[in-house]
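Report on the structure
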Amino acid sequence: MILLVTGVCYAAVAQEESEPSDTSWKEIYRETAPRINDLVHTKLDARFDFTKSYLNGKVWITLKPHFYPTDSLALDAKGMTIKKVEIVKGSSGSPLKFDYDGMTLNIKLNKTYKGAESYTIYIEYVAKPDEYTGKGSAAITDAKGLYFINPRGEEKDKPTQVWTQGETEGTSVWVPTIDRPNQKSTDEISMTVPEKFVTLSNGKLATQKKNSDGTRTDTWKMELPHAPYLFFMGAGEFTVVKDTYKGKEVSYYVEKEYGPVARKIFGHTPEMIAFYSKVLGVEYPWAKYSQIVGRDFVSGAMENTTATLHQESAQQNARELVDGNSWEGTIAHELFHHWFGDLVTSESWSNLTVNESFANFSQVLWFEHKYGKDRGDEENYNDMQGYLQSMSEKKDLVRFYYDDKEAMFDAVSYNKGGRILNMLRNYVGDSAFFRALNLYLTTNKFKAAEAHQLRLAFEEVTGKDMNWFWNQWYFSNGHPKLSIDYVYDDNAKKVSVIVKQTQTSGKVFKLPVAIDVYNGAKKVRHSVWVTNAVDTFTFSYTTRPELVNFDGDKILLAEKKDNKTLDNYVHQYKNAGLYLDRREAIDFASKNQDNPKAVAILKSSLKDKFFGLRTYALTKLDLKKETVKTEMESSIADIAKNDPKPTTRGTAIGLLGNYDKPEYRTLFSKSLTDSSYTVAGYALESLTKVDKEAGLAASKKMIASPAKGKLMGTMANVLIQSGDEGSFDAISKYFGDLPLSMAKISMLQPMSDYLAKLSETGKVKRGVDQIIEFREQVEKYGYAPVINNMLKSVVAKKETAKTAATDKASFQEQIDYIKAKIDSTKKGF
Ligand SMILES: [Zn+2]
């Protein structure tokens, strides 16, 4: 699974940690689910009732006792009506006694079954997902398991769809099962749907049968065992675009209008499958690989075996794709789960990182392979920031004590886990690393595993004891905070590197580190171990080095205060070469923009070979300083006109708005119709900066035709700033169409400002309703108070406006309406 709105959920998690309302969970050891009976096979006949949003199900579940004989079976079955429970005997069945409390179906078997003696249970039931009130998580926004989207066709412009979300334990809302990650089952799922629908499930489509009532029954067969949380059903009107990988179907299910661009979005998939199969030495194990885009999906994306479900942000139009495919990392992430998660599954939610750290790390792996080391390193660095900003230093990576299993889906399991893998890879070397992953996968395939199995694989391959690494990173928490000083002694011709660990936890980390000593472009590497609170490493030299580069591979998961000089950084930018070497130099230079040497670093970085750093350097320029502004103008203008990357070009055009010259104004106007939304959006921003009226006029003209991305965001902002009432419908549609994302969150403040300016009561109410609808979606992240505060400031502005207005009544109506909506916040989490 991939996180949805990371910034929000991290903030909420941090808030929760500081103010625990109930800490009794800290006493509960979350043991791995006991295995009394094991799933063997699940055969489901699912019929959807769109009128009631019910599923009428018949299921045949084959099981066997795990080891000890047993005469009873407990199945998870959440919020269902159970109509019949039988033991299957040949072609008939005989009823069994059962107890059902709405959560667990306790069945008394017809006899005591011995270990390995299989039996089949038949159950008839009705699943009622909309009536089940399970709790969601930060990573998923609900836990209904089965979702009917616009089932009765009441919402205009929204297709009717059905899809499922199993992780963590939602599958048992739609099919009785043992809903634990340490269970595995083959399955056969039949879905009866309106004939115009296409269906998708795990494995291969075995049969399709037309029924006399205008429906069709599709039967999907999954011949390899996988965990119940990976069971999937999806149905709706989709265009299916097909590729292949070694004769296996690779397909993309998208809404019709995205059919022509489906390959631009998902088309790297076969190449990704080939790359991951090769690097892991484990061929893609499943019968096919499909990806489907669902409306109103409650997570970012989910790795259901052979049937990954993506949220609608995946569907980008041709112009959005000019700026690059924003969903490529997610596509890689879900695919990699087909080895780490689907083939070998975390045995418990405590060990979730053996799924998620790999999926997270796979994004670095793919970007590095496809676009070069700089792009991979950028991904790694950004993900490390995600962890560092999450304020989760106290959480162990593998956690046996947690409040809710859903809380495991956080920046520790994902981002920190991913960085730890990258450090491990650096420590043991690429060939040992991938050999160990191969051993872990082949030893544990079609089974569940925990972090120790990973350790054993690494110990087997490398011949090294790895307990220190696992104890420090997997079964403990925090990260090192390092202060690094360099002392040169030209008389003794020695340089000392003093490394202090300044974390307040009292913990001292053991870190293998490379220290590179540079004379000119030539470097000598010293591999050392940091093991104490303070360590000093001394190296002799004949000529004083221009740079001593601590953490030469820029691999540490750490916060570093690296006390280098500007001259060191000049040398580092030119000679050390890694993404982070250059980025650190840009960071240091950006804080010293009065110094010509620093400005020179920034100027060179505008020509950096990697567009990510060119863009980054642009954003660091302090154009309020006249010297910098003058010095950089030609470079910025050059990028604005010629850079091959639209996002970099757009950023430069955005900066040119600081120079009011006719020549640039022409460029802005011309760029409004650029194929890249980013370029056009920045052009509009700059045009508005130098000529407000022209920017507003252009926005009013362009808002009539649909846009997305930076262009749409800028148009909306320009119109919102102007308070233009005539644009309300377009702005409201834009806000409404944004999926749950950071982009939507950042629109909240401008939307509130806009509502404060609008005078028409009907529009104000509609806008408030939209914000409230969003508030309900993000309430569980603890975000409701923030939104309520925004609405309160709208009320305050309306109160002020009312005093000067002639029509006081309509202002009062707006105020009363907003106040009532603020008070409607649901209580509790
Ligand atoms: Zn994931």
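Look above for the structure.
An account of the accompanying structure is given in this report. (Residues numbered from 1 in each chain as written. Predicted model: local features only at pLDDT ≥ 70, side-chain atom pairs only at ≥ 80, totals over all residues. Heavy atoms only, no water.)

**Quick notes on the sheet that holds strand 12 (residues 198-201)**
Strands belonging to one sheet form pairs held by backbone hydrogen bonds; the direction of such a pair is parallel or antiparallel. Convention followed: At least two DSSP bridges between two strands are required for those strands to pair. The secondary structure listing takes helices from DSSP runs of H or I that are at least 4 residues long and strands from runs of E that are at least 2 residues long, numbered from the N terminus. Note on definitions: angles span 0 to 180 degrees between N-to-C directions of axes, and those axes are lines fitted to C-alpha atoms, for helices only across the stretch in contact.
The four strands lie next to each other as 9-10-15-12, forming an open sheet whose pairing is antiparallel. Of all strands in the sheet, those with a lone pairing partner are strand 9 (146-149) and strand 12, marking the two edges. Sheet twist, expressed as the mean angle between neighbouring strand axes with direction ignored, is 15°. Relative to strand 10 (residues 161-164), strand 9 is paired through four bridges, and the arrangement is antiparallel. Each bridged residue has a counterpart across the sheet, and for F148 the counterpart in strand 10 is V162.

**Quick word on the pattern of salt bridges**
The criterion, for reference: Salt-bridge detection follows one rule: a side-chain nitrogen of Lys or Arg within 4 Å of a carboxyl oxygen of Asp or Glu. Relative accessibility decides the category of a residue: with a 1.4 Å probe and only protein chains considered, values under 20% of the type maximum give buried, values over 50% give exposed, and everything between is partly exposed.
Under the definition given, this model contains 64 salt bridges. Across the salt bridge formed by D157 and K156, the nearest N and O atoms sit 3.8 Å from each other. The exposure class of D157 is exposed, given its relative accessible area of 66%. R665 is the partner of D660 in a salt bridge, and the nearest nitrogen-oxygen pair spans 3.2 Å. Owing to a relative accessible area of 29%, R665 belongs among the partly exposed residues under this scheme. A cluster of three or more residues bridged by salt bridges with shared partners is formed by D374, R582, D608 and K609.

**A short note on the coordination of the zinc ion**
Note the cut-off: Coordinating donors are taken as N, O and S atoms within 2.8 Å of the metal, stretched to 3.2 Å for Na, K and Ca; because water is absent from the atoms, sites can appear incomplete.
Coordination sphere of the zinc ion, protein contribution only: M1 (N), M1 (O), H333 (NE2), H337 (NE2) and E356 (OE), at 2.1 to 2.5 Å. For the zinc ion, the single-chain donor residues occur in sequence as M-x331-H-x3-H-x18-E. The burial state of H333 is the same as that of H337; both residues are buried.

**Topic: the nonpolar core**
For the record, the criterion: In this text, buried Ala, Val, Leu, Ile, Met, Phe, Trp, Tyr and Cys residues form a nonpolar core when linked through side-chain atoms within 4.5 Å.
One finds W339, F458, Y474 and F550 to be the most contacted residues of the largest nonpolar core, which totals 90 residues. Examining the composition of this core, we find that seven residues originate from one element, helix 9 (residues 430-444), more than from any other. L667, A698, I771 and V794 belong to the second-largest nonpolar core, a separate cluster that totals 86 residues.

**Some details on the packing of helix 24 (residues 761-778) against helix 25 (residues 784-804)**
Put simply, the rule is: Here roughly perpendicular refers to angles of 65 to 115 degrees, roughly parallel to angles under 35, roughly antiparallel to angles over 145, and oblique to all remaining angles. Crossings are classed by handedness, with left-handed meaning an anticlockwise turn of the near helix from the far one by less than a right angle and right-handed meaning a clockwise turn. Any pair of residues with heavy atoms lying within 4.5 Å of one another is described as a contacting pair. Put simply, Ala, Val, Leu, Ile, Met, Phe, Trp, Tyr, Cys and Pro go in the nonpolar bin, Asp, Glu, Lys and Arg in the charged bin, and everything else, Gly too, in the polar bin.
Packing of helix 24 against helix 25 brings their axes to within 9 Å, and their N-to-C directions diverge by 160°. In this view, helix 24 runs roughly antiparallel relative to helix 25, as classed from their interaxial angle. For helix 24 against helix 25, the interelement crossing comes out left-handed. Seen from helix 24, the contacting residues are V764, I771, I772, F774, R775 and V778; seen from helix 25, they are A784, I787, N788, L791 and K798. Its residues assigned to classes, the contact of helix 24 with helix 25 comprises eight nonpolar, one polar and two charged.

**Some remarks on helix 23 (residues 742-757)**
As a reminder, the rule being used: Take the number of residues in a helix, subtract one, and multiply by 1.5 Å to get its expected span. To get the bend at any residue, fit one axis to the seven residues that end at it and another to the seven that begin at it, then take the angle between the two axes.
For helix 23, spanning 16 residues, the distance from its first C-alpha to its last is 24 Å, which sits close to the expected 22 Å at 1.5 Å a residue. Of all the bends in helix 23, the greatest reaches close to 35° and is centred on L748; the proline P750 follows between one and four positions later. Residues K744, I745, M747, L748, P750, M751, S752, Y754, L755 and A756 constitute the buried set of helix 23.

**With respect to the sheet that holds strand 6 (residues 97-100)**
The sheet built from three strands is open, its strands ordered 3-7-6 with antiparallel pairing. Each of the sheet's edge strands pairs with one partner strand only, and the pair in question is strand 3 (70-76) and strand 6. Across the sheet, the mean angle from the axis of one strand to that of its neighbour is 25°, orientation sign disregarded. In this structure, strand 3 lies alongside strand 7 (residues 104-113), joined through six bridges in antiparallel fashion. Bridging across to strand 7, L75 finds its partner in L105.

**What to know about empty space enclosed by the protein**
Stated precisely, the cut-off is as follows: Every definition here rests on a 1 Å grid over the protein atoms only: cavities are sets of points where a 1.4 Å probe fits but cannot get out, pockets are open sets enclosed by protein on both sides within 12 Å along at least five of seven lines, and lining residues have some atom within 4 Å of a point. Grid points are joined across faces, edges and corners, and a volume is the space filled by probe spheres set on the points.
Within the structure shown, the criterion is met by one cavity of 30 Å³ or more. Approximately 130 Å³ is the volume attributed to the largest cavity. In this structure, the largest cavity is lined by K373, D377, N380, Y381, M384, N422, D553, K554, I555, L556, Y579 and L580. Secondary structure elements with two or more residues in the lining of the largest cavity: helix 7 (373-388) and helix 13 (579-590). Of all the elements, helix 7 adds the most residues to the lining of the largest cavity, at five residues. Tallied by class, residues from the lining of the largest cavity come to six nonpolar, two polar and four charged.

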